[in-house]
Amino acid sequence: MKKVQRPEVSEKDASHLVDIDEELGMFDHPRNVKRVLYGFYTCVVLLLAVDLVYHRHAIFAWESYFGFYAVFGFVACVVLVLVAKYVLRPLVMRKEDYYD
Amino acid sequence: MINALPPAVILIAGALAVPLLKGRIRAAWMLLLPVLSFVNLLAIPVGTHFAVDFMGYRVVFGAVDRLSLIFGYIFHLIAFISNLYALHVEDRGQNVSGLIYAGAALGVTFAGDLFSLFAFWEMLTITATFLILARRTPEALGAGFRYFLVHVAGGLCLLAGIILHVQQVGSAAFGYIGLDGGLASLLIFIGFGVNCAWPLLHPWLTDSYPEATITGTIFLSAFTTKTAIYALARAYPGTEALIWLGTAMAAFPIFYAVIENDLRRVLSYSLINQVGFMVVGIGIGTALAVNGAVAHAFNDILFKGLLFMTMGAVLYRTGKIKATDLGGLYKSMPWTCTFCIVGAASISAFPLFSGFVSKSMVMEAAAHGNMRFVWFVLLFASAGVFHHAGIKIPFFAFFSHDSGLRPKEAPRHMLLAMGITAALCIFIGSFPRFLYALLPYATDYQPYTASHVISQTQLLFFSALAFTLLLLSGIYPAEIRSINLDADWLYRKGGRLAYALSDKVFNGLNAWGDRIFVRRIPGLLARFFAEPGGNLQKHGMRLLAEATGEEADLAEREVRVDRRSRLATYPVGGGVLLAVLFLAVMSCLFFL
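Residues numbered from 1 in each chain as written. Chains lettered and ligands numbered in written order. Predicted model: local features only at pLDDT ≥ 70, side-chain atom pairs only at ≥ 80, totals over all residues. Heavy atoms only, no water.

A. Looking closely at the overall build of chain A. The helix and strand tally for chain A stands at two helices and one strand. Each helix and strand of chain A, placed in order from N terminus to C terminus, yields the pattern α-α-β. Across the 100 residues in chain A, those meeting the buried criterion constitute 30%. As displayed, chain A offers around 7300 Å² of accessible surface, 63% of which is attributable to carbon and sulfur atoms. (Helix = DSSP H or I, 4+ residues; strand = E, 2+ residues; numbered from the N terminus. Buried < 20%, exposed > 50% of the residue type's maximum accessible area, 1.4 Å probe, protein only. Areas by Shrake-Rupley, 256 points an atom, 1.4 Å probe, with all protein chains shown as cover.)

Below, the structure written as structure tokens:
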């Protein structure tokens, strides 16, 4: 059996060290993570499919276009992350002791 | 006459008894006070009560209407929950400041005049500062002092505005002010804006809330910004500038939140983002928009408090709050994890959670006003808030990589406080009519239409899809131990620059003065007055010699004068004459 490395826990507040024989958590099994992900992808596809059959009522015209909210949500988050990572971070990130 | 006390009195006076109590009695007393105060509030009918004449002005401690009542209710609720969460804290300073802080917020809410409003406003600043300082770390000390200075500056701005306003209007009554009153109304506007964390005035919030005590942050997140929202809703509804300020507030913090490592600081940025929605609502100023702003303030106090409580529990049990140090806590803190997910779902406005029933009111009001740009930014902010507060917080704290930490579950009273708040978030989200019944304007708003539910769910799931794909592909920015510069750089570095500059200028001036006036001139005078007569004669001879050109035996004559002077054979009269002249000049200087 492969030797399991005991993770280092130095905090006084942590009540007990990690037990190497402890039961594995739900997400320690890659199989479970995969299941969650596939379930999630299915939801996403189904939600987009709703737009094919249901015509949403809206105030602005573009709100009722097919997949408007889905595309907006996706693009907005990608843009958010890319701007934060490649524009904002180089501008403002400093070492933790910058003000000391 | 009614048989009740002014709304703020019970919490503030009750807080003064806390230092005398200990253990369970103190705990019971601290839980009882908000309940007593709430019952007292219920006994006060709508109207203007507790008016006192003060220096010719009417000071009102109980202006009760629908707008102030709903803030009064939620402030009592969160005061009770925060006290429950902080039940283990045996620190007199924190216990007392927390209660007075909540009482001061009630004081502002029910103030019918600008003077009592200002007094309670300053009380908020002082007690909040103690909640930050009570952490007793060097970072908290710095952040606490900066918090204090910024809010004192804001308070002075408010005071100047109030004085000008009272001069102009002739009355101190607190009601609609609007931006048409010139400088006075602008100063009051900015004074409120500092507490509201407007862009560029905001860094006190993200600087100090993550440094405050675990329990203090719960109080802080509820009161300061929301009293400012109340004050703006009362005095500046329909002010167009607020729409743009709020739009900026909703948008810029989400970028910071994505790259921030300290999870309580992530929540602080998302606090500004949520307050942005409220500010936009007040700026639009229609009944639907103001209702939306107030309802969102009500919900935000609960779900933001819940999120801060879960992160506080994590910090309490592990001593860590940086995303880089945490992960995998769902195994040993399952309840805290569940409550965190409820808070995250509420702030992201998932259907059946509280954010869903209030955020959309502001969005819809913007759409009815045909404000396309504002609407798009708010939609962007809605997707973004899910991204950083809805996913990032629970994911990096409780899932992500296993940090190896196996802390105990949060203490029972913390779990209870979080449980109550989580239940309220779901209850309000599922049965919004109870919240709508409390709003300042009557409303028949329907959040649960098929279109709204589908649109919002699509928006959120596809935001989550973006997060998942970015994370799996490795593009998502890794958490890095770092800090991010914000507008507080101006006064944190600027303060040092000002310090260095004034050091150079004033200490330079001081050193120069020391050299000239303390060392050189007295030295010269001392040498001159050692032999006043001789020196005078020598200088006279030199002048004469230069004028006539007879410089042949000048050196010889000077030696003779010197000798005479040293041997004290020189007439004393010259020195005496000089002394008398000196005294005469001094008398003229001092007595004329």
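Resuming the write-up.
B. Seen up close, the nonpolar core. Residue and element names in this part refer to chain B. Counting 203 residues, the largest nonpolar core has Phe192, Phe223, Phe398 and Met418 as the members making the most contacts within it. When residues of this core are assigned to their parent elements, the largest contribution, 19 residues, is made by helix H12 (residues 287–318). The contact partners of Phe398, leaving out residues within four places of it in the chain, are Met311, Val314, Gly327, Gly328, Leu329, Tyr330, Met333, Thr336, Cys337 and Cys340. (Core = buried A, V, L, I, M, F, W, Y, C linked by side-chain atoms within 4.5 Å. Contact = heavy atoms within 4.5 Å.)

C. Molecular detail of the interface of chain B and chain A. Opposite the 65 residues of chain B that make contact, chain A presents 54 residues. Contact between chain B and chain A buries roughly 5600 Å² in total, counting both sides, with carbon and sulfur atoms accounting for 72%. Of all residues in chain B, the largest losses of buried area upon contact with chain A belong to Arg406, Gln458 and Phe462 of chain B, amounting jointly to 13% of the total for that side. The interface formed by chain B and chain A holds one salt bridge in total. Glu96 of chain A is paired through a salt bridge with Lys322 of chain B; the nearest N and O atoms lie 3.0 Å apart. Contributions of two or more residues to the side of chain B that touches chain A are made by helix H10 (240–259), H12, helix H14 (354–368), helix H15 (372–398), helix H18 (450–472), strand E3 (483–484) and helix H19 (489–530) of chain B. Per-element tally for the side of chain B that touches chain A: the top contributor is H18 of chain B, with 17 residues. Residues that form the side of chain B that touches chain A fall into these classes: 35 nonpolar, 16 polar and 14 charged. (Buried area = accessible area lost by both parts, 1.4 Å probe. Salt bridge = Lys/Arg side-chain N within 4 Å of Asp/Glu carboxyl O. Nonpolar A, V, L, I, M, F, W, Y, C, P; charged D, E, K, R; others polar.)

D. A look at the packing of aromatic side chains. Inspection of the entire model under this criterion finds 47 aromatic pairs over all chains. On the numbers, 5.1 Å between centres and 80° between planes, the contact of Phe68 of chain A with Tyr69 of chain A is edge-to-face. Across the pair, Tyr69 of chain A and Phe68 of chain A agree in class, each one buried. Measuring from centroid to centroid gives 5.0 Å for Tyr98 of chain A and Tyr99 of chain A, while their planes differ by 70°, and the two rings are edge-to-face. The structure contains a cluster of three or more aromatic residues connected by ring pairs, namely Phe60, Trp62, Phe68, Tyr69 and Phe72 of chain A together with Trp375 and Phe376 of chain B. Just above the ring of Tyr99 of chain A sits the side chain of Arg492 of chain B; from NZ or CZ to the centre is 3.7 Å. (Phe/Tyr/Trp six-rings, centres within 6.5 Å; stacked < 30°, edge-to-face > 60°. Lys NZ or Arg CZ within 6 Å of the ring centre and 35° of its normal.)

E. Region of interest: the confidence of the model for chain A. Residues and elements named next belong to chain A. Looking at chain A as a whole, its pLDDT mean stands at 80, while 77% of the residues score no less than 70. Across chain A, the element-wise mean pLDDT spans from 89 in strand E1 (residues 93–94) up to 93 in helix H2 (residues 68–92). When the criterion is pLDDT under 50, residues 6–16 qualifies, and its contacts beyond four places in sequence or with other chains add up to 23 contacts. (pLDDT = per-residue confidence, 0-100.)

F. The pairing of strand E2 (residues 57–64) of chain B, seen in detail. Residue and element names in this part refer to chain B. Inspection of the sheet shows strand E1 (residues 47–54) paired to E2 by seven bridges, in the antiparallel sense. Note that in E2 the partner of His49 across the bridge is Gly62. In this structure, the hairpin formed by E1 and E2 is closed by a connection of two residues, where Met55 is found at a positive phi of approximately 50°. (Pairing = 2+ DSSP bridges.)

G. The arrangement of helix H2 (residues 23–42) of chain B in detail. All names here are of chain B. With 20 residues, H2 should cover 28 Å at 1.5 Å per step; its first-to-last C-alpha distance of 30 Å lies within 8% of that length. For H2, the principal kink sits at Leu32 and spans about 25°; a proline, Pro34, occurs within the next four residues. Residues Arg26, Ala27, Met30, Leu31, Leu33, Pro34, Ser37, Asn40 and Leu41 constitute the buried set of H2. (Expected span 1.5 Å × (residues − 1). Bend = angle between axes of the 7 residues up to and from the residue.)

H. Layout of the packing of helix H3 (residues 66–85) of chain B against H12 of chain B. Residue and element names in this part refer to chain B. Across the interface, H3 lies against H12 with an axial gap of 10 Å and an inter-helix angle of 10°. Considered as vectors, H3 and H12 are oriented roughly parallel to each other. On the side of H3, the interface is formed by Leu67, Ile70, Phe71, Ile74, Phe75, Leu77, Ile78, Ile81 and Tyr85, while H12 contributes Val294, Ala297, Phe298, Ile301, Leu302, Phe308, Met309, Gly312 and Ala313. Within the contact of H3 with H12, the residues separate by chemical class into 17 nonpolar, one polar and no charged. (Axes fitted to C-alpha atoms, helices over the stretch in contact; angles between N-to-C directions. Parallel < 35°, antiparallel > 145°, perpendicular 65-115°, else oblique.)

I. Molecular detail of the side chain of His76 of chain B. All names here are of chain B. Mapped onto the elements, His76 comes out in helix H3. Within polar-contact distance, the side chain of His76 engages the backbone oxygen of Gly72 at 2.9 Å. If we skip the residues at most four places from it in the chain, His76 touches Pro34, Ser37, Phe38, Leu41 and Leu106. (Polar contact = N/O pair within 3.5 Å; in protein donor to acceptor, adjacent residues only side chain to side chain.)

J. Structural context of H18 of chain B. The end-to-end C-alpha separation of H18 of chain B is 32 Å, in line with the 33 Å expected for 23 residues at 1.5 Å each. Note on H18 of chain B: the residue one or two positions beyond its end, Gly474 of chain B, has a positive phi of about 80°.

K. Unusual backbone geometry, seen in detail. Residues and elements named next belong to chain B. Phi angles above zero are rare outside glycine, and Ala197 is one such case at about 60°. For Ala197, a relative accessible area of 0% puts it in the buried group. With a phi close to 75°, Leu200 is a non-glycine residue in the positive phi region. Its location among the elements puts Leu200 in the loop between helix H7 (183–196) and helix H8 (203–208).

L. Expanded view of the environment of Leu415 of chain B. All names here are of chain B. Among the secondary structure elements, Leu415 is positioned in helix H16 (residues 412–430). A relative accessible area of 18% means that Leu415 is categorised as buried. C-alpha of Leu415 to C-alpha of Thr336: the two residues are 79 residues apart in sequence and 7.0 Å apart in space. Setting aside its immediate chain neighbours within four residues, Leu415 contacts Trp335, Thr336, Phe339, Glu409 and Ala410.

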